[in-house]
Amino acid sequence: MSPEQNPTPDAPTAESRPGRLTAAAALAALEGLALVAGGGYMLVLGLTGDPDDRQQAVTGGVTLIVLALLPLLAARGLLLRRGWSRGPAVITQIMALPVAYNLLQADSIAIPGGIALAVVAIAALVLLVNPATTRALGIRAPGGDAQDQK
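So, how was this worked out
Residues numbered from 1 in each chain as written. Predicted model: local features only at pLDDT ≥ 70, side-chain atom pairs only at ≥ 80, totals over all residues. Heavy atoms only, no water. Helix = DSSP H or I, 4+ residues; strand = E, 2+ residues; numbered from the N terminus. Buried < 20%, exposed > 50% of the residue type's maximum accessible area, 1.4 Å probe, protein only. Contact = heavy atoms within 4.5 Å. Areas by Shrake-Rupley, 256 points an atom, 1.4 Å probe, with all protein chains shown as cover. Lys, Arg positive; Asp, Glu negative; His and termini not counted. Salt bridge = Lys/Arg side-chain N within 4 Å of Asp/Glu carboxyl O.

Draft legend 1. Up close: the overall build of the protein chain. Each helix and strand in the protein chain was counted, giving seven helices and zero strands. When the elements of the protein chain are put in sequence order from the N terminus, they spell out α-α-α-α-α-α-α. Counting the 150 residues in the protein chain, one finds 29% classified as buried. Sequence separation of 24 or more characterises 64% of the internal contacts of the protein chain that already satisfy a separation of 6 or more. Looking at the protein chain as shown, the accessible area adds up to about 9,700 Å², and 66% of this sits on carbon and sulfur atoms.

Okay, here's the thing in structure tokens:
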């Protein structure tokens, strides 16, 4: 059977992926990679350095690495145009906003990090709720069928 007779859900559609969707996936992947880097740093420092509490450092590092799975899986899903991926991507951005706020409240070098995190989270949220992104992911608004018939 030809692919036309037996379509698969993994087959890409004729429509190209919007740039907004690609940008949202890139931002989610960037956040995931930053979590992996931070977790790896904490883990290595906890195992080889002289932290105040070795167990806490190792646990924090492992936790950050595990938390990185959410935005990384969401980014992959967004690139593959999976509708389910928007939820985890939005949740990641919503969780990033309080972290950014806390970084902005610090009197240290963390302030630029808070600014960068806030900008990335807000930009990603705007990209994720954009109608072009929603259409590309196959997500319909409530009552979308009735509106399509008009």
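Draft legend 2. Region of the structure containing the side chain of Glu31. For Glu31, the position within the fold is in helix H1 (residues 19-48). Of the side chains bearing the opposite charge, Arg86 lies closest to the buried Glu31, which forms no salt bridge; the N-O distance is 14 Å. Beyond its immediate sequence surroundings of up to four residues, Glu31 is in contact with Thr92, Gln93, Ala96, Leu117, Val120 and Ala121.

Everything listed here is a matter of coordinates, which is why it stays silent on function.
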